[in-house]
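Structure assessment
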Amino acid sequence: MRFSSLLNPFLFLVIYIGFIIFFKSKFPDSQSFIDIVKNLYSTHGYVLIFFGALFEGLFFIGFYVPGSAILILGAAFSRMGIVSYPLVLLIGTLGLVLGYVANYLLGRYGWYKVLSGVGFKKGIESAKHKLVQHQAKTIFLGYFFPNSASFLSLAAGVLHVPFRRFLLLSILAQSIWSFIWGTIAYWFGIPFVEFAFKYFFIILLFILGIWIAKRLIKRKNQV
């Protein structure tokens, strides 16, 4: 049992390294990749930002959509004049809040039961417990990341938090966090983006290593 639990992550790691070796030479260099992304944002930047934020805010879907990366890139590129910084913040906040409103409606009208039945019950119950204790504080701190905000917005609907109060708190909290994250990306984003594209595969490998380590530690603690 222990051998099989170790085999799967390391087998995945070997396959991933093989993927890097095979495809790395086929990818454009970092500067060409940055130029491609710049052109994409100059043409479709606001549409990308809105739908990236919207999907990031939606429960379950947001776990698989890199909406935060799209927003951060938008804020970073706004310093180069490719997109407008205020519009990036406004459109990104609007998309996220609309996603949270959809989550709220799912919770309020019972669709959360389907999600609870496919492995999200513990997270939803935890979010409900936190909201019952400190509603405004929990929403503000929980909106630090869209994934945690999606749980909280769903739980707010389950608890029938008055919609106007929920919407006001969501707009206020998300506006503050969008400004904070957007400002960080605006001032430090371009060097970070260049670094990330230059060492893209190494960063992915590092993230994968952390994920494998966490899985192994979790399984060890369950033994």
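To start, this report covers the structure provided alongside it. Small disclaimer: the values here were computed from a predicted structure and weren't measured.

What about the overall build of the chain?
- Helix and strand counts for the chain come out as nine helices and zero strands.
- Of all 223 residues assigned to the chain, the portion counted as buried reaches 38%.
- Of the contacts made within the chain by residues no fewer than 6 positions apart, 79% connect residues no fewer than 24 positions apart.
- Roughly 13,600 Å² of accessible area belongs to the chain as shown, and the carbon and sulfur atoms make up 73% of that amount.

Considerations on the packing of aromatic side chains
- A full pass over the atoms with the stated rule returns 15 aromatic pairs.
- With a centroid separation of 6.4 Å and an interplanar angle of 40°, the aromatic rings of Phe-163 and Phe-166 are classed as tilted. Linking Phe-163 with Phe-166, this pair stays in helix 8 (residues 163–198), spanning three residues, or about one helical turn.
- Of the residues examined, Phe-166 reaches a relative accessible area of 0% and is grouped as buried.
- Grouping aromatic residues by their ring pairs yields a cluster made of Phe-140, Phe-144, Phe-145, Trp-177 and Trp-181.

Quick notes on unusual backbone geometry
- The backbone of His-160 sits at a positive phi, close to 55°, despite the residue not being glycine.
- Mapping His-160 onto the fold places it in the loop between helix 7 (146–158) and helix 8.

Points about the packing of helix 4 (residues 85–108) against helix 7
- For the pair helix 4 and helix 7, the least separation of the axes is 6 Å and the interaxial angle reads 40°. Here helix 4 is positioned oblique relative to helix 7, judged by the angle of their axes. Crossing geometry of helix 4 relative to helix 7 is assigned as right-handed. Of helix 7, the residues touching helix 4 (which contributes Leu-96, Tyr-100, Asn-103, Tyr-104, Leu-106, Gly-107 and Arg-108) are Pro-146, Ala-149, Ser-150, Ser-153, Leu-154, Ala-156, Gly-157 and Val-158.

Quick notes on the packing of helix 3 (residues 67–78) against helix 4
- Contact geometry for helix 3 and helix 4: axes closest at 9 Å, N-to-C directions at 165°. The pairing of helix 3 with helix 4 is recorded here as roughly antiparallel in orientation. Remark: the crossing between helix 3 and helix 4 carries left-handed chirality. Contact residues: helix 3 offers Leu-71, Gly-74, Ala-75 and Ser-78, while helix 4 offers Tyr-85, Val-88, Gly-92 and Leu-96.
- Tallied by class, residues from the contact of helix 3 with helix 4 come to five nonpolar, three polar and no charged.

Definitions and limits used
- Residues numbered from 1 in each chain as written.
- Predicted model: local features only at pLDDT ≥ 70, side-chain atom pairs only at ≥ 80, totals over all residues.
- Heavy atoms only, no water.
- Helix = DSSP H or I, 4+ residues; strand = E, 2+ residues; numbered from the N terminus.
- Buried < 20%, exposed > 50% of the residue type's maximum accessible area, 1.4 Å probe, protein only.
- Contact = heavy atoms within 4.5 Å.
- Areas by Shrake-Rupley, 256 points an atom, 1.4 Å probe, with all protein chains shown as cover.
- Phe/Tyr/Trp six-rings, centres within 6.5 Å; stacked < 30°, edge-to-face > 60°.
- Axes fitted to C-alpha atoms, helices over the stretch in contact; angles between N-to-C directions.
- Parallel < 35°, antiparallel > 145°, perpendicular 65-115°, else oblique.
- Left-handed = near helix turned anticlockwise from the far one by under 90°.
- Nonpolar A, V, L, I, M, F, W, Y, C, P; charged D, E, K, R; others polar.

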